Amino acid sequence: MAEVEGRVWKMARAIAPLRREELPGALWSAGLIFCALCSFYILRPIRDEMGVAGGTDKLAWLFTATFLVMLAAVPLYSWVVARFGRRTIVPLVYRFCALVLLGFVAAFALLDGSAQVWTARAFFVWAAVYNLLVVSVFWELMADLWRREQGERLFGLVAAGGSAGALLGPLLTAALVPKLGASALVLLAALFLEGAIVCARGLMRSFRTGSQEHVHEAMSMDARPIGGGALAAFALIARSPRLRGISLWVVLLTTTATFAYFEQARIVKAAITDPGERTALFARADFVVNAISVALQGLAVGRIIPRLGVGWTLALLPIVSLVGFAVLAASPVVAVLIGFQIVRRAADFSLAKPAREVLFTQAGREAKYKAKHLIDTALYRGGDVAAGWLYSGLGALGVAGPGLCGVAALLCLPWAVLSRMLGRAGANEQGEEDRAKEAGHSPANT
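What you are looking at is a predicted structure, and each value in this text was computed from that prediction instead of being measured.

Student: Is there a simple way to explain the overall build of the protein in this structure?
Tutor: For the protein, the helix and strand inventory stands at 14 helices and zero strands. Listing every helix and strand of the protein by position from the N terminus yields α-α-α-α-α-α-α-α-α-α-α-α-α-α. Burial analysis of the protein (446 residues in total) assigns 56% to the buried set. Summarising the internal contacts of the protein: among those between residues at least 6 apart in sequence, 86% fall at separations of at least 24. Of the roughly 18,100 Å² of accessible surface on the protein, a fraction of 68% belongs to carbon and sulfur atoms.

Pasting the structure below:
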């Protein structure tokens, strides 16, 4: 056993600059997000095909419905975290998501005709909600458990677990959907959520080690409710310039991502008429994205963020997006589109996502669970909605694909500048915190 443990430690240490005592928590964290993202990525190609089948002209309405569901869920989620500790939050949310998925399994089996079209649209909306919900809850827990300095070193390794799950999910879908159909895969996605709950429990236990005093403190934090009101998330963002900056960054991310997604739906539908071929194409693209992400996150991100800093790491995504939209405007064909989507999404998942999560490690507990949740879910989908209607409105005015790509490219410029500003602000706060610790006291997180 000790020999196996030693091999795991050497392998993990070669991948990321972690300390021996951090290894169990990092592995459980990676396992948790592996199961959660594998669950979603089993569903993602099915969701994308259902979005096309439901009508590409209805995508803006589907994005609007998703935003409204997320907005309504924010106060409910804030109410839950105000009353339960982090030990309860993950199992509660993940089991609720699994129950909804089981409801869709029943709907797929029992409904037919026009009801299937509405079921497909409802599934598209829920899958979009589900994705952000399970991922946001995970990263809220990460921000609560790990410090900023640990996040810079470890979040790449942790995120690699998610990318590995996202790598397996499309493979399972591509291999099994022709044989088993969509319903069986939705059921499989629900089972992976149970695996995530098992990992969450192991993660909690891994932080209850050391002295008796430390174990008692960790168990107390696990059970302690976050507190506060159901609408606290809105006030927290309104009061904090840093949270407002992160909010704007996310809106720019979702706006450009939505323009790319709508272009994907338009170009792919025009080029490929068979639904099965479209689903397989989406699955293969997801596989390549996540293969790149696993390699970058596992081997490089833990060293890139400390060297480049959070700001420059965040800025890489808008720079990649700017170049990609320019190339797509010049050559709007499937090969260019898929290539752009692969590079952009790999940069998002492997670099920008871990860097953005590091920013929240310095927030207070209520901000980590409530303000972060509002930003990651309702605000994220609100950016989708605004971008969807902007895309549709510009299209109605006669702006063609190249022009729409040009609009998205222009948005990448302020997005890159904001990335640098957020990185500098976070570094300044970290410096103040380190100086305060050296002086013998620690400032409160705000």
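Student: Is there a simple way to explain helix α6 (residues 148–180) in this structure?
Tutor: Side chains three or four residues apart in an α-helix point the same way, a direct result of the helix having 3.6 residues per turn. At L154, α6 is bent by approximately 50°, the largest bend along its length. Just downstream of α6 lies G181, where phi reads positive at about 85°.

Student: Is there a simple way to explain a nonpolar patch on the surface in this structure?
Tutor: Taken together, L308, W312, I319, V323 and V327 make up a surface patch of nonpolar side chains, about 450 Å² in accessible area. Along the chain, V323 turns up in helix α11 (residues 275–330).

Student: Got a minute to help me understand the packing of helix α10 (residues 241–271) against helix α13 (residues 365–396) in this structure?
Tutor: Packed helices, taken two at a time, are described by the angle their axes make and the gap between the axes. Interhelical geometry of α10 versus α13 gives an angle of 40° and a closest axis separation of 7 Å. Judged by the inter-axis angle, α10 sits oblique to α13. Of the two elements, α10 crosses α13, and the hand of that crossing is right-handed. Residues belonging to the contact of α10 with α13 are distributed by class as follows: 16 nonpolar, seven polar and three charged.

Student: In this structure, what is going on with the side chain of T258? I would like to understand it.
Tutor: Residue position: T258 is located in helix α10. The exposure class assigned to T258 is buried, which follows from its relative accessible area of 2%.

Student: In this structure, what is going on with the nonpolar core? I would like to understand it.
Tutor: Proteins that are soluble and globular tend to have nonpolar side chains buried together. Counting 126 residues, the largest nonpolar core has Y94, M142 and W249 as the members making the most contacts within it. For this core, the element with the highest residue contribution is helix α5 (residues 114–145), accounting for 19 residues. Contact partners of M142, with chain neighbours within four places excluded, come to S29, F155, V158 and L203.

Student: What's the story with the packing of aromatic side chains in this structure? I'm lost.
Tutor: Overall, the coordinates contain eleven aromatic pairs when judged by the stated rule. Taken together, a centroid distance of 5.2 Å and an interplanar angle of 80° make the contact between F40 and Y41 edge-to-face. Per residue, the accessibility class of F40 equals that of Y41, and both read buried. Centroid distance W126 to Y130: 6.2 Å. Interplanar angle 50°. Geometry classified as tilted. With a gap of four residues between them, W126 and Y130 both fall in helix α5, about one helical turn apart. Here W126 matches Y130 in class, with each residue buried.

Student: I keep staring at α10 and nothing clicks. Help me out?
Tutor: For α10, with 31 residues, the first-to-last C-alpha span of 45 Å sits near the 45 Å given by 1.5 Å per residue. Summarising burial for α10: 23 of the 31 residues are buried, a large majority.

Student: Got a minute to help me understand the environment of V333 in this structure?
Tutor: Looking at the element boundaries, V333 is found in the loop between α11 and α12 (334–360). Taking C-alpha positions, V333 is 8.5 Å from A271, a pair spaced 62 residues apart along the chain.

Student: Can you help me understand the confidence of the model for the protein in this one?
Tutor: Caution applies to low-pLDDT regions: their predicted coordinates should not be interpreted in detail. With 83% of its residues at a pLDDT of 70 or more, the protein shows a mean pLDDT of 81. In the model of the protein, helix α8 (residues 212–223) stands out as the element of lowest mean pLDDT, 56, in contrast to helix α7 (residues 182–206), which has the highest, 90.

Student: Whenever I open this one, the side chain of S136 confuses me. Can you help?
Tutor: Residue position: S136 is located in helix α5. Residue S136 is classed as buried on the basis of its relative accessible area of 2%. A distance of 3.4 Å separates the side chain of S136 from the side chain of H373, its partner in a polar contact. Excluding residues that lie within four positions of it along the chain, S136 makes contacts with K372, H373, D376 and T377.

Student: Before we go on, may I ask you to explain the packing of helix α4 (residues 86–110) against α7 in this structure?
Tutor: The N-to-C vectors of α4 and α7 enclose an angle of 170°; their axes lie 9 Å apart at closest approach. In terms of orientation, α4 and α7 fall into the roughly antiparallel class. For the pair α4 and α7, the contacting residues are R86, R87, V90, P91, Y94, R95, C97, A98, L101, L102, V105 and F108 in the first and S183, V186, L187, A189, A190, L193, E194, A196, I197, A200, R201 and M204 in the second. Across the contact of α4 with α7, the residue classes tally to 18 nonpolar, one polar and five charged.

Student: I keep staring at the pattern of salt bridges and nothing clicks. Help me out?
Tutor: Pairing between side chains of opposite charge can happen when their charged atoms approach one another. Evaluated as defined, the whole model comprises eleven salt bridges. The partner of K372 in a salt bridge is E357, and the shortest N-O contact between them spans 2.9 Å. Taken together, the positions of K372 in helix α13 and E357 in helix α12 put the pair 15 residues apart, joining distant regions of the chain. In this pair, the class of K372 matches that of E357, namely buried. Between K372 and D376 there is a salt bridge; the shortest N-O distance is 2.4 Å. With K372 and D376 both in helix α13 and four residues apart, the pair spans about one turn of that helix. Accessibility expressed as a relative area gives 0% for K372, which makes it buried. Within the structure, one salt-bridge network assembled from shared partners comprises K353, E357, K372 and D376.

Student: What is the right way to read the environment of K353 from this model?
Tutor: Its location among the elements puts K353 in helix α12. Looking at K353, the relative accessible area reads 15%, which means it is buried. The spatial distance from the C-alpha of K353 to the C-alpha of G156 is 9.0 Å, given a sequence separation of 197 residues. In contact with K353, not counting residues within four places along its chain, are V135, W139 and D348.

Cut-offs used in this document
- Residues numbered from 1 in each chain as written.
- Predicted model: local features only at pLDDT ≥ 70, side-chain atom pairs only at ≥ 80, totals over all residues.
- Heavy atoms only, no water.
- Helix = DSSP H or I, 4+ residues; strand = E, 2+ residues; numbered from the N terminus.
- Buried < 20%, exposed > 50% of the residue type's maximum accessible area, 1.4 Å probe, protein only.
- Contact = heavy atoms within 4.5 Å.
- Areas by Shrake-Rupley, 256 points an atom, 1.4 Å probe, with all protein chains shown as cover.
- Bend = angle between axes of the 7 residues up to and from the residue.
- Patch = residues over 30% accessible without salt bridge, like charges linked within 9 Å, V, L, I, M, F, W, Y side chains within 5 Å.
- Salt bridge = Lys/Arg side-chain N within 4 Å of Asp/Glu carboxyl O.
- Axes fitted to C-alpha atoms, helices over the stretch in contact; angles between N-to-C directions.
- Parallel < 35°, antiparallel > 145°, perpendicular 65-115°, else oblique.
- Left-handed = near helix turned anticlockwise from the far one by under 90°.
- Nonpolar A, V, L, I, M, F, W, Y, C, P; charged D, E, K, R; others polar.
- Core = buried A, V, L, I, M, F, W, Y, C linked by side-chain atoms within 4.5 Å.
- Phe/Tyr/Trp six-rings, centres within 6.5 Å; stacked < 30°, edge-to-face > 60°.
- Expected span 1.5 Å × (residues − 1).
- pLDDT = per-residue confidence, 0-100.
- Polar contact = N/O pair within 3.5 Å; in protein donor to acceptor, adjacent residues only side chain to side chain.

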